[in-house]
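Here is how the chains run, residue by residue.
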Amino acid sequence: MMQFSENASSTILLGDFNARTATMPDFIVPDDTLFDILDLTDNQDVDTLKNMYSYNFLLDYNIPLQRSSEDKKSNGFGSKLIDMCKRCSLYIANGRLFDDTIGKTTCKNVSLIDYLIISPDLFNYITNFNVLDFDPMISDVHNRIHFTLSFQTLKQVNPKNINDLDHTKIKWNPVHANQFQQVLSNRLGEIDSALDDLDSNQNITTEQDRDITESAVSASTSWSEKEQKFNKIPFTLSHSRFLSSSCVSL
């Protein structure tokens, strides 16, 4: 976890941790004693100092440092989870935000073991957080956690431009499934040869790939478009729904 958090600008952990943390603090406020233990000065190890003072994000966003919890008990997994939060500068959202300022229990109305744990900078983007009522249709014993992350888009999308796009209606005709399989079976030798070329770092041309695929597809595919009948649209690979984008781009 420490390795992943070092390589990521922000982190979100969500789920059942089986960890009861009560109200144990998930942050460290550094003091002179801690600096002496770590042998740090104000000008040394910028990343370490930045992590140690990450709790200031919460203060800047008016998020309480001390979280609340209806679950007053803790266990060994809870201590390990808190230790991980402190080491990785991660913070528990439960008991701090919006409709869950009391730290609602998440399991059997007894324990709080399901968490949203985030990097401190993400508190500014959470616009809703709540622990929902238990629903036996969703889980055996756990309550759902509901939250919303809101970000500003870098580019405005004009809905009119989306509606003006050419949306081709494509339909696979299952009647021709056997024909499709038969054509591919007849050309398995060519496909195997093409794959061998790839394995041996030889080049397979786009024309060869399209020839094999189009032969099978054109023998078995029918599709429809608004106000047009089947088989009236010239075939192109980009129209094929049963080919992935990676196949089309070969």
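Thresholds, definitions, all that
Along every chain, residues carry numbers that run from 1 in the direction the sequence is written. Owing to the predicted nature of the model, reporting of local features is limited to residues with pLDDT of at least 70; listing and counting of side-chain atom pairs is limited to 80 or more, with chain, interface and lining totals taken over all residues. The side-chain quantities take in all heavy atoms of the structure and omit both hydrogens and water. Put simply, a nonpolar core is a bunch of buried Ala, Val, Leu, Ile, Met, Phe, Trp, Tyr and Cys residues held in one set by side-chain atoms that sit within 4.5 Å of each other. Categorising residues by exposure relies on relative accessible area from a 1.4 Å probe, with only protein chains included: less than 20% of the type maximum marks a residue as buried, more than 50% marks it as exposed, and the intermediate range marks it as partly exposed. By the criteria applied, helices consist of DSSP H or I runs no shorter than four residues and strands consist of E runs no shorter than two, each listed in order from the N terminus. Here a residue-residue contact requires only that any non-hydrogen atoms of the pair lie within 4.5 Å. Centres within 6.5 Å make a pair out of two Phe, Tyr or Trp rings, where for Trp the six-membered ring is used; the pair is then stacked when the planes are under 30 degrees apart, edge-to-face when over 60, and tilted otherwise. Two strands qualify as a pair provided DSSP detects at least 2 bridges between them. Helix axes are fitted only over the stretch in contact, all axes being lines through C-alpha atoms; the angle between N-to-C directions runs from 0 to 180 degrees. Note that His is not counted, nor are the chain ends; the positive residues are Lys and Arg, and the negative ones are Asp and Glu. Throughout this description, the term salt bridge denotes a Lys or Arg side-chain nitrogen within 4 Å of a carboxyl oxygen of Asp or Glu. Polar contacts, as counted here, are pairs of nitrogen or oxygen atoms within 3.5 Å of one another; within protein the pair requires one atom able to donate a hydrogen and one able to accept it, and residues that are adjacent in sequence qualify only if both atoms are side-chain atoms. Residue-level confidence of the predictor is summarised by pLDDT, bounded by 0 at the bottom and 100 at the top.

**What about the nonpolar core?**
The nonpolar side chains of a soluble globular protein tend to be buried with one another. With 16 residues, the main nonpolar core has Leu-97, Phe-123 and Phe-129 as its most contacted residues. For this core, the secondary-structure elements that each account for two or more residues are strand E3 (114–118) and strand E4 (126–131). Tallying contributions element by element places E4 first for this core, with 3 residues. Excluding its chain neighbours within four sequence positions, the residues that come into contact with Phe-129 are Ala-93, Asn-94, Leu-97, Phe-98, Asp-99, Asp-100, Leu-116, Ile-145, His-146 and Phe-147. Leu-81, Ile-82, Leu-112 and Tyr-115 belong to the second largest nonpolar core, which has 12 residues in total.

**Notes on the packing of aromatic side chains**
Any pair of aromatic rings gets described here by the distance separating the centres and the angle formed by the planes. Tallied over the full model, the rule gives 4 aromatic pairs. With a centroid separation of 6.1 Å and 65° between ring planes, the pair formed by Phe-17 and Tyr-115 is classed as edge-to-face. Within this pair, whereas Phe-17 is found in the loop between strand E1 (12–16) and helix H2 (32–38), its partner Tyr-115 is found in strand E3, the two being separated by 98 residues in sequence. The partly exposed category is assigned to Phe-17, whose relative accessible area is 27%. For Tyr-115, a relative accessible area of 0% corresponds to the buried category. Here Phe-57 and Tyr-61 contribute two aromatic rings whose centre-to-centre distance is 6.2 Å and whose plane-to-plane angle is 45°, an arrangement assigned as tilted.

**Comments concerning the sheet that holds E1**
The sheet built from 3 strands is open, its strands ordered E1-E3-E2 with antiparallel pairing. Each edge of the sheet is formed by a strand with only one pairing partner; in this case those strands are E1 and strand E2 (91–92). Note that E2 and E3 share 2 bridges and pair antiparallel. The partner of Tyr-91 across the bridge, within E3, is Ile-118. On the sheet, helix H5 (residues 76–88) packs against E1, E2 and E3 and is oriented at approximately 10° with respect to E3.

**With respect to the side chain of Arg-67**
Tracing the backbone shows Arg-67 in the loop between helix H4 (56–60) and H5. Buried charge Arg-67 goes without a salt bridge, the closest partner of opposite sign being Asp-26 at 4.1 Å. Of note is the side chain of Arg-67, whose polar atom sits 2.9 Å from the side chain of Thr-21. Only 3.1 Å separates the side chain of Arg-67 from the backbone oxygen of Ala-22, close enough to count as a polar contact.

**Structural notes on the pattern of salt bridges**
The full count for this structure, using the stated rule, is 3 salt bridges. Across the salt bridge formed by Arg-96 and Asp-26, the nearest N and O atoms sit 2.8 Å from each other. With a gap of 70 residues between them, Arg-96 in the loop between E2 and E3 and Asp-26 in the loop between E1 and H2 connect regions that are remote in the sequence. Each member of the pair, Arg-96 together with Asp-26, is buried.

**Points about the environment of Pro-25**
Relative to the helices and strands, Pro-25 resides in the loop between E1 and H2. Pro-25 sits 57 residues away from Ile-82 along the chain, and the two C-alpha atoms are 7.4 Å apart. The contact partners of Pro-25, leaving out residues within four places of it in the chain, are Ile-82 and Lys-86.

**What about the confidence of the model for the protein chain?**
Considering every residue of the protein chain, the mean pLDDT works out to 77; 61% of them sit at 70 or more. Considering only residues more than four positions removed or in separate chains, one finds that residues 220–250, a stretch of pLDDT under 50, has 57 contacts.

**Looking at unusual backbone geometry**
For Asn-18, which is not glycine, the phi dihedral falls at a positive 55°. Note on placement: Asn-18 falls in the loop between E1 and H2. Asn-18 sits in the partly exposed class, given a relative accessible area of 43%. Its identity as a non-glycine residue notwithstanding, Ala-22 has a phi of 50°, on the positive side.

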